[in-house]
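Now for the letters of each chain:
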Amino acid sequence: MKKALITGINGQDGSYLAELLLEKGYEVHGILKRNSVTENQTARLVNIFSQLNLEYADMTDMASLIKVLQDVQPDEIYNLAAQSHVRISFDQPIYTAQTVAIGVMNLLESIRLICPKAKMYQASSSEMFGNSIDEDGYQRETTPMNPVSPYGCSKVFAYNLVRNYRNSYGLFLSNGILFNHESPRRGINFVTNKVVKEACKIRVGMSNQFKLGNLEASRDWGHAKDYVKAMWLILQHDTPDDFVCSTGISHTVRDLVDYVFKKIELPNWETFVGQDEKYLRPEELNVLKGDCSKAKRVLGWKHEYTFETMLDEMIEHWFKIFKE
């Protein structure tokens, strides 16, 4: 039985990945950051809680990471822990850098010292590209990285650290450059789940308006379930490498809102949706659209969800909650 360690196991991706690994017969260990409100901390893990081995640790506390690695001696490590909200990274740039950048350095050093034979997956991000895009309109593994947020800058630092430690010490370290991926488990301060939740509230008479930021921002949105399969496949590959994971199709926030309101049979969404400058980024990222042909060709990765079926699942989730 393989042992896997997931940092950030209680996040959207961590919960789906834990379920996938349990299905594949893994012994699954997870790291939680200490939180004073423990009741909500494992809400996404409720269906599998009894099958998990959970420990407190923090990416900014290397001693805690070393202790967990010593105790678990994992075969595979999936680093999903981060301050992951791009807009908030402008408000908390130092904390973002400490968790996303220095945190990865702490983990890499711990792996090098404690379990150098373990395979590690690093959750890299399409935000690393910023507004850099190839002539054909796509971003891929070779596209220059010019991030436009503290989050994106921190992710680039971590991405390059992984490559440096891989080349310097012969460790099995891989980057998954994941484009936006959503689900009913997505935090409600992320635009997809915010739009779906608030629209459903309006539909059942619980609200009458909500506000967004840049409606013209264009993103490549997929489903988190598809993307955690890519994470696993990346660590099953013969050699460590870096892979873009995306759908290759982009939609604007305006497209997102339009689809959701039409799906729930509410015309004229402009009546219900306003804009607020506090949701705008100081430097905007305009378009993300990824070329995942390498992951499909080398790993055999494929999608089960489309943009529409992903949103349909999220709509069904919120209607079920509001109608109970």
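See the structure shown above.
All of these numbers come straight from a predicted model, not from anything done at the bench. (Residues numbered from 1 in each chain as written. Predicted model: local features only at pLDDT ≥ 70, side-chain atom pairs only at ≥ 80, totals over all residues. Heavy atoms only, no water.)

### A short note on the overall build of the protein chain
Each helix and strand in the protein chain was counted, giving 10 helices and 13 strands. The C-alpha radius of gyration computed for the protein chain amounts to 19 Å, which stays within 12% of the reference 20 Å derived for 324 residues, consistent with globular compactness. Principal-axis analysis of the C-alpha atoms places the extent of the protein chain at approximately 60 × 50 × 40 Å. Summed over its atoms, the accessible surface of the protein chain is roughly 14,400 Å², and 48% of this surface lies on carbon and sulfur atoms. If you average the places of the 37 positive and of the 41 negative side-chain charges in the protein chain, the two averages end up 2 Å apart. (Helix = DSSP H or I, 4+ residues; strand = E, 2+ residues; numbered from the N terminus. Rg over C-alpha atoms; globule rule 2.2 N^0.38 Å. Areas by Shrake-Rupley, 256 points an atom, 1.4 Å probe, with all protein chains shown as cover. Lys, Arg positive; Asp, Glu negative; His and termini not counted. Charge placed at Lys NZ, Arg CZ, Asp CG, Glu CD.)

### Regarding helix 5 (residues 150-169)
One turn of an α-helix holds 3.6 residues; hence residues three or four places apart share an orientation. Taking 1.5 Å per residue as the helical rise, helix 5 with its 20 residues ought to reach 28 Å, and the 28 Å between its terminal C-alpha atoms agrees with that figure. Of the residues making up helix 5, those classed as buried are P150, Y151, G152, S154, K155, V156, A158, Y159, L161, V162, Y165 and R166. Of the surrounding secondary structure, the elements contacted by the buried residues of helix 5 are helix 3 (86-91), helix 4 (93-114), strand 5 (119-125), strand 6 (172-178) and strand 11 (242-245). Looking one or two residues beyond helix 5, the residue adopting positive phi is G170, at roughly 65°. (Expected span 1.5 Å × (residues − 1). Buried < 20%, exposed > 50% of the residue type's maximum accessible area, 1.4 Å probe, protein only. Contact = heavy atoms within 4.5 Å.)

### Observations concerning the nonpolar core
Grouped together as the largest cluster of nonpolar side chains are 35 residues, with contacts concentrated most on I6, L17, L21, V28, Y78 and Y121. For this core, the elements supplying multiple residues, two or more each, are strand 1 (3-7), helix 1 (12-23), strand 2 (27-32), strand 5, strand 6, helix 7 (224-236), strand 11 and helix 9 (293-299). It is helix 7 that contributes the most residues to this core, 8 residues altogether. Every residue in contact with Y121, bar those within four places of it in the chain, is listed here: I77, Y78, N79, L80, S174, N175, G176, L178, M231, I234 and L235. (Core = buried A, V, L, I, M, F, W, Y, C linked by side-chain atoms within 4.5 Å.)

### Looking at the sheet that holds strand 3 (residues 53-56)
What the 7 strands build is an open sheet, ordered 3-2-1-4-5-6-11; its pairing is parallel. Among the strands making up the open sheet, the edge pair consists of strand 3 and strand 11. Taking each pair of neighbouring strands and ignoring which way they run, the sheet shows an average axis angle of 20°. Two elements, strand 6 and strand 11, share 4 bridges in a ladder whose sense is parallel. Within strand 11, the position partnered with N175 by the bridge is D242. (Pairing = 2+ DSSP bridges. Axes fitted to C-alpha atoms, helices over the stretch in contact; angles between N-to-C directions.)

### A short note on the pairing of strand 1
When you tally the buried positions in strand 1, you get 4 out of 5 residues, the bulk of the element. Relative to strand 2, strand 1 runs parallel, the two being bridged by 5 bridges. The residue of strand 2 that forms the bridge with A4 is V28. Note on the crossover from strand 1 through helix 1 to strand 2: the handedness is right-handed. (Right-handed = clockwise from strand over helix to strand, strands pointing away.)

### Let's talk about the environment of D91
Looking at the secondary structure, you find D91 in helix 3. Look at D91 and you get exposed, because its relative accessible area is 54%. Between the C-alpha atom of D91 and that of P150, which follows or precedes it by 59 residues, the distance is 9.3 Å. Side chain to side chain, D91 and R87 meet in a polar contact 3.3 Å long. (Polar contact = N/O pair within 3.5 Å; in protein donor to acceptor, adjacent residues only side chain to side chain.)

### A word on the pattern of salt bridges
The final tally for this structure, using the stated rule, is 19 salt bridges. Among the salt bridges present, the one from R87 reaches D91, with a minimum N-O distance of 3.3 Å. One end of the pair, R87, and the other, D91, are both in helix 3, 4 residues apart, so they sit about a helical turn from each other. Under the relative-accessibility criterion, R87 is labelled buried at 19%. A salt bridge links R254 to E216, with the shortest nitrogen-to-oxygen separation between them at 2.6 Å. Placement of R254 in helix 8 (residues 253-263) and of E216 in the loop between strand 8 (210-212) and strand 9 (218-219) is noted, with a sequence separation of 38 residues between them. (Salt bridge = Lys/Arg side-chain N within 4 Å of Asp/Glu carboxyl O.)

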